[in-house]
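Coordinate inspection notes
These are the residues of each chain, in order.
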Amino acid sequence: MAMARANDGTRLHFQVLGRRGAPPVLLIAGLGQELTGWTLQRLAFASRYCTIALDNRGVGRSDKPAGDYSLLDMADDAVAVLDALSIDSAHVVGLSMGGAISQVLAVRHPARLRSLTLVCTACRNHPWRRELLEEWAETARRRGMRALSNDAMRWLVGPRSLRRFAPALGLFGPLALQCPPHAFAAQVNAILAADEGLVRDLSTIAVPTLVVAGNQDILTPRGDAEELADRIPGAELVIISGAAHGLTVEHASTFNRIVLEFLGRSERAWPTLRTVA
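Computed from a predicted structure; not experimentally measured.

What counts and what doesn't
- Residues numbered from 1 in each chain as written.
- Predicted model: local features only at pLDDT ≥ 70, side-chain atom pairs only at ≥ 80, totals over all residues.
- Heavy atoms only, no water.
- Buried < 20%, exposed > 50% of the residue type's maximum accessible area, 1.4 Å probe, protein only.
- Helix = DSSP H or I, 4+ residues; strand = E, 2+ residues; numbered from the N terminus.
- Axes fitted to C-alpha atoms, helices over the stretch in contact; angles between N-to-C directions.
- Parallel < 35°, antiparallel > 145°, perpendicular 65-115°, else oblique.
- Left-handed = near helix turned anticlockwise from the far one by under 90°.
- Contact = heavy atoms within 4.5 Å.
- Nonpolar A, V, L, I, M, F, W, Y, C, P; charged D, E, K, R; others polar.
- Phe/Tyr/Trp six-rings, centres within 6.5 Å; stacked < 30°, edge-to-face > 60°.
- Lys NZ or Arg CZ within 6 Å of the ring centre and 35° of its normal.
- Pairing = 2+ DSSP bridges.
- Right-handed = clockwise from strand over helix to strand, strands pointing away.
- Core = buried A, V, L, I, M, F, W, Y, C linked by side-chain atoms within 4.5 Å.
- pLDDT = per-residue confidence, 0-100.

**Points about unusual backbone geometry**
- In this model, Ser86 sits at a positive phi of 55°, which is unusual for a non-glycine residue.
- Using a relative accessible area of 66% as the deciding quantity, one classes Ser86 as exposed.
- We note that Ser96 has phi near 55°; this positive angle belongs to a residue other than glycine.
- The residue Ser96 is located in the loop between β5 (90–95) and α3 (97–108) in this model.

Below you can see the structure in the form of structure tokens.
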């Protein structure tokens, strides 16, 4: 089992799929989600890229320390995984909370990115979303993760997909169960603590950036994606029709095609960008 070690000693589980000599793609998962949430992407990307997926601290086979977490910690965790593999730079794809982590990574460690893909995410939280996330953390602490998953699923998955893909969503979906309540609450608090810093620094991101959202996403609506694309210089914006927050599972083939096309363009541009940097 592959492990990296964070600056504070936290052990971070990761998996690699694809050709080791191929361009690397780092996949950063969302709130409460294990790396298995990227299964449909890892299988699709592996023929062209070396895909690296990690369990964020608090989830899956990574350590689940007590105490506070921060997006800065988790961005540094992602760097620790790259360091463990002796990878200087990678294409970074972040989903939901993973998108917020990826924004911090792009600002704090710009030389480690070849491109940035932000999926169903935001750079700050509206009051209603802060209240919702606080409610989720409280539900996890009081009633457990299964109760939370049942309550949260309507925010994460479109109603048609929930009926059609319920078994797959349980395994690959946007909110896994292998996250103890204390760690889930710590991830929520990390998201809520980071708002203004993300907004302030987005203009410094210089790598090719793709922002992807679903037009039926009620957790991170289209307006959040539009704000990200406006604030990051040169960012591309793609809205997937009929998709909700779980679009990497619900609309995997469409999402994978869009991202692979972007990764191809970005990788071809990388030698020039590296020389300029």
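**Considering the packing of helix α4 (residues 127–143) against helix α8 (residues 181–193)**
- Where α4 contacts α8, the two axes come as close as 8 Å, and the packing angle between them is 165°. Comparing the axis directions of α4 and α8 gives the class roughly antiparallel. Where α4 crosses over α8, the two elements pack in a sense that is left-handed. On the side of α4, the interface is formed by Arg130, Leu133, Glu134, Trp136, Ala137, Ala140 and Arg141, while α8 contributes Pro181, Phe184, Ala185, Val188, Ile191 and Leu192.
- Considering only residue class, the contact of α4 with α8 consists of 10 nonpolar, no polar and three charged.

**Some details on the packing of aromatic side chains**
- Inspection of every chain in the model, using the stated rule, returns zero aromatic pairs.
- Here Arg129 stacks its cationic end above the ring of Trp128, 5.5 Å away from the centre of that ring.

**Examining the packing of helix α2 (residues 71–84) against α3**
- Across the interface, α2 lies against α3 with an axial gap of 8 Å and an inter-helix angle of 75°. With respect to α3, the element α2 is oriented roughly perpendicular. For the pair α2 and α3, the contacting residues are Leu71, Leu72, Met74, Ala75, Asp76, Ala78 and Val79 in the first and Met97, Ala100, Ile101, Val104, Leu105 and Arg108 in the second.
- Residue composition of the contact of α2 with α3, by class: 11 nonpolar, no polar and two charged.

**Considering the pairing of β5**
- In terms of residue burial, β5 counts as a mostly covered element, since six of its six residues are buried.
- The pairing of strand β3 (residues 24–28) with β5 spans four bridges and is classified as parallel. Residue Leu27 lies in a different strand from β5, and its bridge partner there is Val93.
- Each parallel crossover has a hand, and the one from β5 via α3 to strand β6 (residues 113–119) is right-handed.

**Examining the sheet that holds strand β2 (residues 11–17)**
- Spatially, eight strands are ordered β1-β2-β4-β3-β5-β6-β7-β8 in an open sheet, and the strand pairing comes out mixed. Both outer strands of the open sheet, β1 (3–5) and β8 (236–240), are each paired with one neighbouring strand and no more. Strand-to-strand twist of the sheet, defined as the mean angle between neighbouring strand axes without regard to direction, takes the value 25°.
- Contacting β1, β2, β3, β4 (50–54) and β5, α2 crosses the sheet at an angle of about 55° to β2.
- On top of the sheet, α3 reaches β3, β5 and β6; it is set at about 140° to β5, its chief contact.

**As for the nonpolar core**
- Core analysis: the largest hydrophobic core is formed by 68 residues, its most contacted members being Leu26, Leu71, Leu105, Trp136 and Phe184.
- Among residues more than four places away in sequence, those in contact with Leu71 are Met97, Ala100, Ile101, Val104, Ala190, Ile191, Ala194 and Leu198.
- In this structure, Leu95, Leu210, Phe255 and Leu263 belong to the second largest nonpolar core, which totals 23 residues.

**Some details on the side chain of Gln187**
- Inspection of the secondary structure assignment puts Gln187 in helix α8.
- Gln187 gets classed as buried once you look at its relative accessible area, which sits at 0%.
- Here Gln187 is in contact with Gly30, Leu31, Gly32, Asn56, Arg57, Val59, Tyr69 and Met97, once residues within four sequence places are set aside.

**Notes on the pairing of β2**
- Relative to β2, β1 runs antiparallel, the two being bridged by three bridges. Within the sheet, the bridge partner assigned to Arg5 lies in β2 and is Arg11.
- The turn joining β1 and β2, which pair antiparallel and follow one another in sequence, is formed by five residues; a positive phi near 95° is taken by Gly9.
- Alignment of β2 against β4, held across four bridges, turns out to be antiparallel. Across the sheet, the residue bridging to Gln15 is Ala53, located in β4.

**What about the confidence of the model for the protein?**
- For the protein, mean pLDDT is 90; residues scoring 70 or higher make up 90% of the total.
- Below a pLDDT of 50 lies the segment residues 167–174, which in the model reaches 19 contacts outside its immediate sequence neighbourhood of four places, other chains included.

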